[in-house]
Amino acid sequence: MSTLVFLEHHGGELQKGSLAVLSKAASLGGDVAGVIVGSGVDGLADQAAKHGAATVYVADDPKLEAPLPQPRVDAIAQLVADKSIETVLFAQSILAADIAAGLAARLDAGLNWQLTDIATDGGDLVGKQSALGDSVVVDVGWKTTPRIGLFRAGAFDPSEQAAAGTVEAFSPELQEHSLAAEMVEQAHAEESGPSIEDANVIVAGGRGLGEPEKFALVEELAKALGGAVAATRAVVDAGWYPYSAQVGQTGKSVSPTLYIACGISGAIQHKVGMQSSKTIVAINKDPNAPIFEFADLGVVGDLHTIVPKLTELVRARRVS
Ligand SMILES: Cc1cc2nc3c(=O)[nH]c(=O)nc-3n(C[C@H](O)[C@H](O)[C@H](O)COP(=O)(O)OP(=O)(O)OC[C@H]3O[C@@H](n4cnc5c(N)ncnc54)[C@H](O)[C@@H]3O)c2cc1C
């Protein structure tokens, strides 16, 4: 079984989710490789080699600087053909989803997305996928090779391996149409602290905050806990918080150790993005709010009183 994992990078670092998918692929055995595509990315290969890649293929070319999907489709399609790759795996991101879809179209291959796990079954691969609003987990497979799989954020944790793999440079032949798109501008939201995909602690705010300025309460608690801030779609749609913080069906899926939901009703579309959090704490003034049906700890009361008090207690504990 030969598997290739796409290793995404930002700001000179390999994405944790990609390394986690690589570690998972390595745990299944077979011939596991990683691929890094970009400009000035040579230095990233060693890190990937320590996470279970027997070979790390690196395409380092100034033409590949912008994080655009089509040149990456060219690069991966070439490796699939040259190295007889049977499975290509991605960690969920906007770029990865674009590449996976482009690759599936290019290779006429099957793509299973939103996977939460994968296992071998008598020489074949079986993926786990949540369905019906995450109320059931189904087995999914592929009829032909190459198989393409895209994993949900937070599906696995990265793990370092004792044996380090080798690094092999390659020069993909880029199609003319793949170079037609151009990155005009890249903007980064100012962020401090961990991203919601990587955070161990998430404090999320919903419409119960009452007004956008009250997100400061959530931010203060997140800061005291060293965590990240998330939001519901209701408040994102209202322009109270950026879309990048939205958790749920049409936002991000997260699975932190602790998720504190402040003024969030617990609609199914929000639940599907955070229900795999290890411990869920809900603060809501309505004792009948649906979130209490799946929270591990529920606090019935006004968040405007409870959240500042909680922040104060956390700060006091941190100092002592
Ligand atoms: C196709 C589709 C996709 C969607 N995708 C998403 C998604 O990705 N993510 C998402 O979050 N939603 C999504 N939604 C919207 C979802 O259905 C809910 O409308 C949304 O999650 C509700 O957000 P909320 O909990 O902030 O607001 P509300 O449902 O209005 O809940 C606010 C809660 O705050 C409580 N509250 C009010 N005041 C206080 C107070 N002072 N102290 C404590 N508690 C208080 C209330 O009791 C209430 O339970 C989607 C909907 C559709 C149709």
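As shown above, the structure is provided for reference.
Note that this is a predicted model, so its numbers are computed, not measured.

*Asks:* If you had to explain the overall build of the protein to someone new, which residues and values would you point to?
*Replies:* Of the regular secondary structure elements, the protein holds 8 helices and 16 strands. Computed over C-alpha atoms, the radius of gyration of the protein comes to 21 Å, within 12% of the 20 Å expected from 2.2 N^0.38 for 320 residues, which places it in the range of a compact globule. The dimensions of the protein, computed from C-alpha atoms along their principal axes, are 60 × 45 × 40 Å. Here the protein holds 320 residues, and 46% of them are scored as buried. In the protein, once contacts between residues fewer than 6 apart in sequence are set aside, the share between residues at least 24 apart is 62%.

*Asks:* Describe the pairing of strand 15 (residues 279-284), and please don't skip the residues or the numbers.
*Replies:* With respect to burial, strand 15 is a largely interior element, 5 of its 6 residues being buried. Summarising the sheet, strand 14 (residues 258-262) and strand 15 pair through 5 bridges and their orientation is parallel. Bridge assignment links Cys262 to a residue of strand 15, and that residue is Ile283. What joins strand 14 to strand 15 is helix 7 (residues 268-274), and the crossover it makes is right-handed. Judged from the 4 bridges that link them, strand 15 and strand 16 (residues 297-300) form a sheet pairing that is parallel. Within strand 16, the residue paired with Asn284 across the bridge is Val300.

*Asks:* So, the pattern of salt bridges: which residues are in play, and what are the values?
*Replies:* Summed over all chains, the structure comprises 10 salt bridges. Notably, a salt bridge pairs Asp124 with Arg147, separated by 3.4 Å at the nearest N-O pair. Residue Asp124 is located in strand 8 (residues 124-131), and its partner Arg147 is located in strand 10 (residues 147-151); the two are separated by 23 residues in the primary sequence. What makes Arg147 buried here is its relative accessible area of 7%. Across the pair Glu211 and Lys214 runs a salt bridge, and its minimum N-O distance is 2.8 Å. For Lys214, a relative accessible area of 29% puts it in the partly exposed group.

*Asks:* Lay out the side chain of His270 with the relevant residues and their values.
*Replies:* Assignment of secondary structure puts His270 in helix 7. Using a relative accessible area of 6% as the deciding quantity, one classes His270 as buried. Here Val247 takes part through its backbone oxygen, which lies 3.2 Å from a polar atom of the side chain of His270. When residues no more than four places from it in sequence are discounted, the contact partners of His270 are Ala231, Thr232, Val247, Gly248, Tyr259 and Ile264.

*Asks:* Please give an account of the packing of helix 3 (residues 69-82) against helix 4 (residues 94-107) that cites residues and values.
*Replies:* Close contact between helix 3 and helix 4 brings their axes to 9 Å; oriented N to C, the two are set at 50°. By the angle class used here, helix 3 and helix 4 are oblique. Crossing geometry of helix 3 relative to helix 4 is assigned as right-handed. For the pair helix 3 and helix 4, contact is made by Pro69, Gln70, Arg72, Val73, Asp74, Ile76, Ala77 and Val80 and by Leu95, Asp98, Ile99, Gly102, Leu103, Arg106 and Leu107, respectively. In the contact of helix 3 with helix 4, the residues fall into 9 nonpolar, 2 polar and 4 charged.

Cut-offs and rules
- Residues numbered from 1 in each chain as written.
- Predicted model: local features only at pLDDT ≥ 70, side-chain atom pairs only at ≥ 80, totals over all residues.
- Heavy atoms only, no water.
- Helix = DSSP H or I, 4+ residues; strand = E, 2+ residues; numbered from the N terminus.
- Rg over C-alpha atoms; globule rule 2.2 N^0.38 Å.
- Buried < 20%, exposed > 50% of the residue type's maximum accessible area, 1.4 Å probe, protein only.
- Contact = heavy atoms within 4.5 Å.
- Pairing = 2+ DSSP bridges.
- Right-handed = clockwise from strand over helix to strand, strands pointing away.
- Salt bridge = Lys/Arg side-chain N within 4 Å of Asp/Glu carboxyl O.
- Polar contact = N/O pair within 3.5 Å; in protein donor to acceptor, adjacent residues only side chain to side chain.
- Axes fitted to C-alpha atoms, helices over the stretch in contact; angles between N-to-C directions.
- Parallel < 35°, antiparallel > 145°, perpendicular 65-115°, else oblique.
- Left-handed = near helix turned anticlockwise from the far one by under 90°.
- Nonpolar A, V, L, I, M, F, W, Y, C, P; charged D, E, K, R; others polar.

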